[in-house]
Amino acid sequence: MKIYSSLEQLELKEKTAVALGDFDGLHIGHRAVMEDAVRTAKEKGYSSLCFTFSNHPFNFILQRTDDDPDAVKLICTETEKVQMVEDMGFDILVNVPFDETVMTMRADAFFEDIIICAKTPHRGFLHLPAAAYSRCALAYSADSAISSTGGISSIVLAPVSPF
């Protein structure tokens, strides 16, 4: 599995199916989004790409360190997360820090500059958990950006229940 740890490194040539999320651990909801991306990639002959953050966005926004008792605790370590993503069958992991640049980026810029741009010229599929899609859609319509800027289809998965 190819791993990118900064946006500056990111430059892909292949078509991809992207699982986009704040995968702070791989619970049932995360797995549904990720498994769907891997399955779609295999069906289409694309590479599978997991796009996530190496730190928890809430901790960055609230300026909490890992040892802060009020910090959001991650479900697994970075090493465990990388191994789990690889075990799920992903070809590419983009595991970048959530930082000031990402935090202040407009939603349309995130989709156009990071997900859709020449850095990921995939003309593929973007898999989103419903909650993440809702947050993005409030600021920007991902579907219109995706369809008008590169022919990418978005797949929004409904909430998953183990029951």
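All of these numbers come straight from a predicted model, not from anything done at the bench.

S.K.: Describe in detail unusual backbone geometry, supporting the description with residues and values.
M.R.: Backbone geometry at Gln 63 places phi at a positive 55°, although glycine is not the residue there. With respect to the helices, strands and loops of the structure, Gln 63 is situated in the loop between helix 2 (57-61) and helix 3 (78-87).

S.K.: Talk me through the nonpolar core; I want residue IDs and the actual numbers.
M.R.: The biggest cluster of nonpolar side chains holds 16 residues, and the ones touching the most others in it are Leu 49, Phe 51 and Val 94. Secondary-structure elements contributing two or more residues to this core are strand 2 (16-20), strand 3 (47-53), strand 4 (92-96) and helix 5 (107-116). One finds Ala 19, Leu 26, Ala 37 and Leu 93 within the second-largest nonpolar core, a separate group that totals 12 residues.

S.K.: Got a sec to walk through the environment of Gly 25? Specific residues and values, please.
M.R.: Of note, Gly 25 is situated in the loop between strand 2 and helix 1 (28-44). The buried category is assigned to Gly 25, whose relative accessible area is 0%. Residues in contact with Gly 25, not counting those within four places in the same chain, are His 30, Ile 75 and Cys 76.

S.K.: Run through helix 1, naming residues and quoting values.
M.R.: For helix 1, built from 17 residues, the straight-helix expectation of 24 Å at 1.5 Å per residue is met to within 8% by its first-to-last C-alpha distance of 24 Å. Those residues of helix 1 that sit buried are His 30, Val 33, Met 34, Asp 36, Ala 37, Val 38, Thr 40 and Ala 41. Residue Gly 45 follows helix 1 closely and has a positive phi angle near 75°.

Calculation rules
Residues numbered from 1 in each chain as written. Predicted model: local features only at pLDDT ≥ 70, side-chain atom pairs only at ≥ 80, totals over all residues. Heavy atoms only, no water. Helix = DSSP H or I, 4+ residues; strand = E, 2+ residues; numbered from the N terminus. Core = buried A, V, L, I, M, F, W, Y, C linked by side-chain atoms within 4.5 Å. Buried < 20%, exposed > 50% of the residue type's maximum accessible area, 1.4 Å probe, protein only. Contact = heavy atoms within 4.5 Å. Expected span 1.5 Å × (residues − 1).

Limitation: the analysis is restricted to geometry and does not speak to function.
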